[in-house]
Amino acid sequence: MKLLIVEDDRLMQEVIADYFGSKGWETEAAGDGELALEKWEQEHFQLVLLDVMMPGMNGFTVCRKIRERSDVPVIFITARAMEEDELHGYSLGADDYVTKPFSLPVLYAKAMALMGRVRGDAPHRRIRCGCIEADVRTHEVWVRGERCILPPIEYGMLLFFMENPNRVFGREQLLIRFWGYDFEGNERIVDNHIKKLRKALGDCGGMIQTVRKAGYRMAVVK
């Protein structure tokens with residue numbers, strides 16, 4: 001597999017390239033957004049690691065331009081752990097975020113998990129949270145062992161909650177994630193789909209809790 005590392009810190013480029021190279025990846029690096037897009041247009045990459053803050057064209061712009069033509073997985077690497085940046089990145093089509101400083105094994109694990117989902121051969125195909133189980137490859141859901149049919153948005157929300165148990169997500173975060181940054185409706189649409197999801201999950205729907213003045217979370221006992 002081939003990796004494009006877009007990072008203006010030369011040492012960081014080399015460290016990431018060496019680590020992924022030791023795992024059998026072929027790597028290319030670019031120190032700015034313009035060069036990154038040139039390389040991306042000339043070669044075929046299976047994954048892009050993309051720094052947010054770079055001179056000239058920033059990572060958000062690079063991601064938007066890539067997404068105009070490709071669904072290649074993109075992981076943002078950023079030193080700014082700001083919620084609005086993270087939301088903006090997801091709205092542009094980023095698949096994951098890693099905040100500096102980060103662990104190389106964790107970054108590699110995130111990359112491989114993402115690649116497994118993209119290729120449809122992830123070794124851990126099912127996620128279980130309490131009485132709910134989901135197959136990330138086939139999009140099937142079971143509630144207490146019974147098949148549960150969910151529309152696309154409800155399924156996407158459920159999987160998102162299951163992948164982030166006990167984490168609170170605001171209505172605005174969910175709105176941008178599932179309806180896009182330019183959605184012109186209001187946040188009540190999030191409440192309506194949460195209500196539908198809870199109903200579809202039956203007595204397990206109570207796992208998706210309302211956190212007053214904050215949003216929603218999937219409560220999972222560890």
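Below, the structure is looked at part by part.

Basis of the calculations
Residues numbered from 1 in each chain as written. Predicted model: local features only at pLDDT ≥ 70, side-chain atom pairs only at ≥ 80, totals over all residues. Heavy atoms only, no water. Pairing = 2+ DSSP bridges. Helix = DSSP H or I, 4+ residues; strand = E, 2+ residues; numbered from the N terminus. Axes fitted to C-alpha atoms, helices over the stretch in contact; angles between N-to-C directions. Contact = heavy atoms within 4.5 Å. Buried < 20%, exposed > 50% of the residue type's maximum accessible area, 1.4 Å probe, protein only. Right-handed = clockwise from strand over helix to strand, strands pointing away. Disulfide = S-S within 2.5 Å. Core = buried A, V, L, I, M, F, W, Y, C linked by side-chain atoms within 4.5 Å.

## So, the sheet that holds strand β6 (residues 126-129)
- Strand order in this open sheet of four strands is β6-β7-β8-β9, and the pairing throughout is antiparallel. Unpaired on one side and paired on the other, β6 and β9 (146-148) mark the two borders of the sheet. Adjacent strand axes in the sheet meet at a mean angle of 25°, parallel and antiparallel pairs treated alike.
- Relative to strand β8 (residues 140-143), strand β7 (residues 132-135) is paired through four bridges, and the arrangement is antiparallel. Bridge assignment links I132 to a residue of β8, and that residue is V143.
- Strands β6, β7 and β8 of the sheet are contacted by helix α6 (residues 152-163), whose axis makes an angle of about 110° with β7.

## Focus: the pairing of strand β1 (residues 2-6)
- With five of five residues buried, β1 is to be regarded as a mostly interior element.
- Sheet topology note: the β1/strand β2 (residues 26-30) ladder contains five bridges and is parallel. Among the inter-strand pairings, L3 is bridged to a residue of β2, identified as T27.
- A crossover connection joins β1 to the parallel β2 through helix α1 (residues 10-22); in handedness this β-α-β unit is right-handed.
- Strand direction decides the pairing type here: β1 and strand β3 (residues 47-51), joined by four bridges, are parallel.

## A closer look at the state of the cysteines
- A full pass over the atoms with the stated rule returns one disulfide.
- Disulfide pairing is shown between C131 and C204; the S-S distance is 2.1 Å. Placement of the pair is C131 in the loop between β6 and β7 and C204 in the loop between α8 (188-200) and β10 (208-211), with a sequence separation of 73 residues. For the pair formed by C131 and C204, the shared burial category is buried.
- Looking at the unpaired C129, the closest cysteine sulfur is the one in C131, lying at 9.6 Å.

## With respect to the nonpolar core
- Ranked by size, the top nonpolar core spans 31 residues in total, and within it I132, V141, L158 and M218 carry the most contacts.
- Those elements giving two or more residues to this core turn out to be β6, β7, β8, α6, α7 (171-179), α8 and β11 (215-218).
- Take this core: its biggest share by element is seven residues, from α6.
- When neighbours within four sequence positions are excluded, V141 is seen to be in contact with I132, E133, A134, E146, R147, C148, L150, Y155 and L158.
- Residues F45, M57, C63 and L92 belong to the second largest nonpolar core, which totals 23 residues.

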